[in-house]
Amino acid sequence: MRLQQYILLRLFYLIPVVLAVIIINFVLIHLAPGDVAVTLAGDDANPEYIAHIRALYGLDRPFLEQLWTYLGRVAQGDLGISFRSREPVLTEIMNRVPATLLLVGASLSFAVLIGTACGALIARRPGGKLDTVVSVLAIALYSVPVFWVGLMLVLLFGVKLRWLPVSGMYDLMGPRDGWGGMLNVARHMVLPVLALSTVWIGQYLLLARTSVIQALSEPYITTARAIGFPERTILLHHALRNAMLPLVTVLGLQMGLVLTGAVLTETVFSWPGLGRMIYEAILTRDTPVIMGAYVVMSFTVALASLITDIAYAAIDPRVEL
Amino acid sequence: MNANFIRLVGAAAWLVTAAAAPALAQTTLIVPHNSEPRTLSPDVAADPAGYEPGSNIYCHLIVVDWGVAVGESFYGDLAKSWEKSADGKTVTFRLQENAKWHDGVPVTSEDVKFTYETILAKQYPYAAYLSNIESMTTPDAHTLIVQLKEVDASFLPSKAQAAAWTGKIYPKHIWAEQDGFDKGPAVNNPVGCGPYKFKEWVRGSHIELVRNDDYFLEPPAIERLIFKFMTDGNVARAEFDAGTYPYLPYTFAPSWGEMPMLQANPDIEVVLQESHYSRDIQLNMRRKPLDELKVRQAISYAVDRESMSKLAFNGLWEPAYHAINDAQTTWKNAAARYPDYDKAKAEQLLDKAGLARGADGFRFKLSITGPSFPDCRNMMEVLVQQLREVGIDARLDNYDYSTWNEKITKGEYDISCYFVRYGPDPDSYREHFASDGARNYTGYSNPELDKIGAEARRTEDMAARKQMYDLMQEMVVADVPYINLMNVRQPALVRKGWSGFAPQPSSFNKSVTWFGFYSVKPPQ
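Just so it is clear, the structure is predicted and the values come from calculations on it, not from any experiment. (Residues numbered from 1 in each chain as written. Chains lettered and ligands numbered in written order. Predicted model: local features only at pLDDT ≥ 70, side-chain atom pairs only at ≥ 80, totals over all residues. Heavy atoms only, no water.)

Draft legend 1. Representation of the overall build of chain B. The number of helices and strands found in chain B is 16 helices and 18 strands. For chain B, the C-alpha atoms occupy an extent of roughly 80 × 80 × 40 Å along the three principal directions. Looking at chain B residue by residue over its 524 residues, the buried ones come to 59%. Considering only residue pairs separated by 6 or more positions, chain B has 69% of its internal contacts joining residues 24 or more positions apart. Accessible surface, chain B: about 19800 Å² in total, of which carbon and sulfur atoms supply 52%. A distance of 2 Å separates the average location of the 55 positive side-chain charges in chain B from that of its 67 negative side-chain charges. (Helix = DSSP H or I, 4+ residues; strand = E, 2+ residues; numbered from the N terminus. Buried < 20%, exposed > 50% of the residue type's maximum accessible area, 1.4 Å probe, protein only. Contact = heavy atoms within 4.5 Å. Areas by Shrake-Rupley, 256 points an atom, 1.4 Å probe, with all protein chains shown as cover. Lys, Arg positive; Asp, Glu negative; His and termini not counted. Charge placed at Lys NZ, Arg CZ, Asp CG, Glu CD.)

So this is what it looks like as structure tokens:
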């Protein structure tokens, strides 16, 4: 019962957060220079047509009225109509979510698994040769810009070796359904997932290393060793479990950005995801799409932090909600 | 890690990498495309990302292609022939008799009339090119008679050019019940009468067209035409190098520094496409001290086009000294020429204008801006340095395209890079230099030029027209509202053996608009 109340309360807190995000975004976007109506009407348009477009999209109304109308619509779950495509923004966003979830989900899982495992492994002998080499490597990976990693992968595997495709989500000549279609997508996923997770692996590795080292110095580990548990059990069962809390925090933060955290990767690899849609919407002044994406982002961030908090309680019995 | 696991990983890796893409069927053409169209209804608003798909799906009455840059004229697409009456006020178009819409319904002159009437009623962009139409009649299914309000020598060429952007013909039987061209099921499921039929549009991925075997001319050589959305120019280039694409349009052009190496590559043809645009600078004559003729003249002495060409384009763009693109030989007045670079003369003129160098060595400040084209950016960086040499404290202000566009239309700039257009009909001079020209951004007003321009538009006699445009070029060079700098030559890459891509001369008078792929032929 307490848990349900807690969740309801937290969901209720979402409203002011999202409201604030919407208002800030709305103001910021409308402060930007450049006339959206002229951009929309195109290069050859006459003033009459531009005025018509301005009226059609409600751009001629006072600022506060535009904001109020927008808030009213969002409250009803309507994110508006894209200026560019004239499709509902929500439809546009939903069209792009699967591709992004696939890419970011795979990369994040890969990064968390590899990063945590390696981090725990080297934490057994901090200061040792393996630890030094891997830590330095991890810092390097963590500091490299993702688009650079992407371009290097493209050059190596796409151009020099020609092993893997470097753009899009599937081969336009290849199959799109069934096993063939899945393989088609899998081949296209390899490089973007590698690029994206490279950066994250470094992060999780360093984090796991630090917190496992800390956990291993706790008295209960000494006790466990004295009892005579095998080192493997101590590391995986006792130390790693207790070291999970900071990992879950970071993972939770990243889950919030799961929908948009891959803008650069998606752009380099022409991946048809949400990040690239936002990038293109910004370039073309598609205000409703930009704002819609921000609303969805603020929701996911808030939801992810809620899920993180609940996960805390599940992992650590000391945490009470 | 045990051996089984390693074997499993190995097998998976093999599956993923070894199931290589099937060899490209030569009749499929994938073209990298740098951004996604708004819709597939091109007449509603100028949408550069939609020009290519739209121009291959839809028909036009008459069109131009890149042949115009070297003096070719417009030609018929849906119109098989046309004739002008003796008084120049009636044009009779005869349409292709066997033209069919992609759903099988025959194309008639009613469709054309309906399209133009809708464009005029809704004031869509193409209305600007139809506004001289008094009335349209359709005596039979394949004849359209257009009655003009006044004689206009530029009517056909201008209309043919703009057709590639926003003047596509729409099927009446599909659009008649819609209010305008931006609503209804056909917006993104287009039915045209062009050489390719629409197949699918996967958002974020690609648009696929398939060959129209019922096309009224011989069907195109390419069976599947795919526009693949690519956001990263480096990756598009890498894929071109890897042989994925036979054609890399100028939007993904390599840097100029790389060009000599590419030109030496026997597998690649570097196409430097001539144009009827120039790269120039517009001088805002409403602002001090640019309102002073001496200052504008000084600037035209201060620009060193030769060194600009070397620094910005590795010497591959030709300097332009005339008030026209040099490829437009028909209308060029060789006598109307901007001066050669002369730094001393520039300084002298500025001194005479009473703008002596101050204690810091500078005479006055100027802001230089331009659209976000890479070529303009490169040129303006050089210009800033050249102006500073003669004591003008110039600084570069870069904006994104829409901000720049707003600033230049409102006249909020000092000097801006720009792209004056000289064809397909020289009436475009009025657009840029007449007092009421739609793209007169400099505040230039010369009643004499206005008068001659209006008269030239009404004149059908070539020799007489030529004299008038010669005069206008002289006026522009004398008054310096703008300074022409470079002939535009956009680079595109084509794999050897392929022909008929729009920038290649093998496509001229055949490609059906400069966005058309109709004339593309794979290697034999």
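Draft legend 2. A look at the environment of A:I50. All names here are of chain A. Here I50 is to be found in helix 3 (residues 47–56). Classification of I50 by relative accessible area gives buried; the value is 14%. Along the backbone, I50 and F83 are 33 residues apart, and their C-alpha atoms lie at a distance of 14 Å.

Draft legend 3. Broad picture of the side chain of B:S300. Take B:S300: it is sitting in helix 9 (residues 293–302). Non-local contacts of B:S300, meaning those with residues more than four positions away in its chain, are made with B:R305, B:Y338, B:P339, B:V480 and B:I483.

Draft legend 4. Region of the structure containing the pairing of strand 14 (residues 364–369) of chain B. All names here are of chain B. Counting buried positions over the six residues of strand 14 gives five, a clear majority of the element. Note: strand 14 against strand 15 (residues 392–396), five bridges, orientation parallel. Pairing of F364 across the sheet is with I392, part of strand 15. Taken together, strand 14, helix 12 (residues 374–389) and strand 15 constitute a β-α-β crossover, and its handedness is right-handed. Sheet topology note: the strand 14/strand 16 (residues 415–418) ladder contains two bridges and is parallel. Its bridge partner lying in strand 16, T369 is registered against S416. (Pairing = 2+ DSSP bridges. Right-handed = clockwise from strand over helix to strand, strands pointing away.)

Draft legend 5. Here's a closer look at the sheet that holds strand 17 (residues 482–487) of chain B. Residue and element names in this part refer to chain B. A sheet is described by the order of its strands in space; here five strands give the open sequence 15-14-16-13-17, paired in mixed fashion. With partners counted over all chains shown, the strands left at the sheet margins are strand 15 and strand 17, one partner each. Within the sheet, the average angular offset between the axes of one strand and its neighbour, ignoring direction, is 25°. Against the sheet, helix 12 engages strand 13 (278–283), strand 14, strand 15, strand 16 and strand 17, with an angle of about 160° to strand 15. (Axes fitted to C-alpha atoms, helices over the stretch in contact; angles between N-to-C directions.)

Draft legend 6. Spatial organisation of the pairing of strand 4 (residues 79–84) of chain B. Note that strand 4 of chain B and strand 5 (residues 90–95) of chain B share five bridges and pair antiparallel. In the strand pairing of strand 5 of chain B, B:E83 is matched with B:T92.

Draft legend 7. Structural detail: the nonpolar core. Residues B:F93, B:I299 and B:I415 are the most contacted members of the largest nonpolar core, which totals 231 residues. Looking at this core element by element, the count peaks at 11 residues for helix 8 (residues 178–216) of chain A. Core analysis: the second largest hydrophobic core is formed by 12 residues, A:V212, A:A215, A:I234 and A:A239 among them. (Core = buried A, V, L, I, M, F, W, Y, C linked by side-chain atoms within 4.5 Å.)

Draft legend 8. Broad picture of the packing of aromatic side chains. Enumeration over the complete set of coordinates arrives at 37 aromatic pairs over all chains. With a centroid separation of 5.5 Å and an interplanar angle of 50°, the aromatic rings of A:F26 and A:F63 are classed as tilted. Of this pair, A:F26 sits in helix 1 (residues 2–31) while A:F63 sits in helix 4 (residues 63–75), placing them 37 residues apart in sequence. On the basis of relative accessible area, A:F63 is assigned to the partly exposed category, the value being 33%. Measuring from ring centre to ring centre gives 6.1 Å for B:F114 and B:F181, while their planes differ by 70°; the resulting arrangement is edge-to-face. (Phe/Tyr/Trp six-rings, centres within 6.5 Å; stacked < 30°, edge-to-face > 60°.)

Draft legend 9. Layout of helix 7 (residues 233–241) of chain B. All names here are of chain B. When helix 7 is considered as a whole, its buried residues turn out to be V235, A236, R237, A238, E239 and F240. With a side-chain oxygen lying 2.8 Å from the backbone nitrogen of N234, the N-terminal cap of helix 7 falls on D232. Positive backbone phi, at 90°, marks G243, one or two positions downstream of helix 7. (Polar contact = N/O pair within 3.5 Å; in protein donor to acceptor, adjacent residues only side chain to side chain.)

Draft legend 10. Molecular detail of the state of the cysteines. All names here are of chain B. For the structure shown, the criterion picks out two disulfides over all chains. A sulfur-sulfur separation of 2.2 Å characterises the disulfide bridge that pairs C59 with C193. With C59 in the loop between helix 2 (51–57) and strand 2 (62–63) and C193 in the loop between helix 6 (172–175) and strand 8 (196–202), this pair connects stretches of sequence that are 134 residues apart. Between the sulfur atoms of C376 and its disulfide mate C417 the distance is 2.0 Å. Measuring the twist about the S-S bond at about -70°, one finds the C376-C417 disulfide to be left-handed. Separated by 41 residues along the polypeptide, C376 in helix 12 and C417 in strand 16 bring together distant segments of the chain. (Disulfide = S-S within 2.5 Å.)

Draft legend 11. Quick look at the sheet that holds strand 10 (residues 224–229) of chain B. Residues and elements named next belong to chain B. With mixed pairing, the four strands of this open sheet are ordered in space as 1-10-9-8. Either end of the sheet is taken by a strand with one partner, and the two such strands are strand 1 (28–33) and strand 8. Here the strands of the sheet are splayed against their neighbours by 20° on average, with no regard to which way each runs. Here strand 1 runs beside strand 10; their pairing, made up of six bridges, is parallel. Of the residues in strand 10, the one forming a bridge with T28 is R224.

Draft legend 12. How the structure looks around the interface of chain B and chain A. Chain B puts 53 residues into the contact, and the matching count from chain A is 45 residues. Taken together, the two surfaces of chain B and chain A that pack against each other cover about 4200 Å², and 50% of this comes from carbon and sulfur. A salt bridge links B:R203 to A:E87; its shortest N-O distance comes to 3.7 Å. Connecting chain B to chain A are 13 residue pairs in polar contact (both at pLDDT 80 or more). At the level of secondary structure, the elements contributing two or more residues to the side of chain B that touches chain A comprise helix 1 (3–18), strand 1, strand 8, strand 9 (206–211), strand 10, helix 7 and helix 13 (401–409) of chain B. (Buried area = accessible area lost by both parts, 1.4 Å probe. Salt bridge = Lys/Arg side-chain N within 4 Å of Asp/Glu carboxyl O.)

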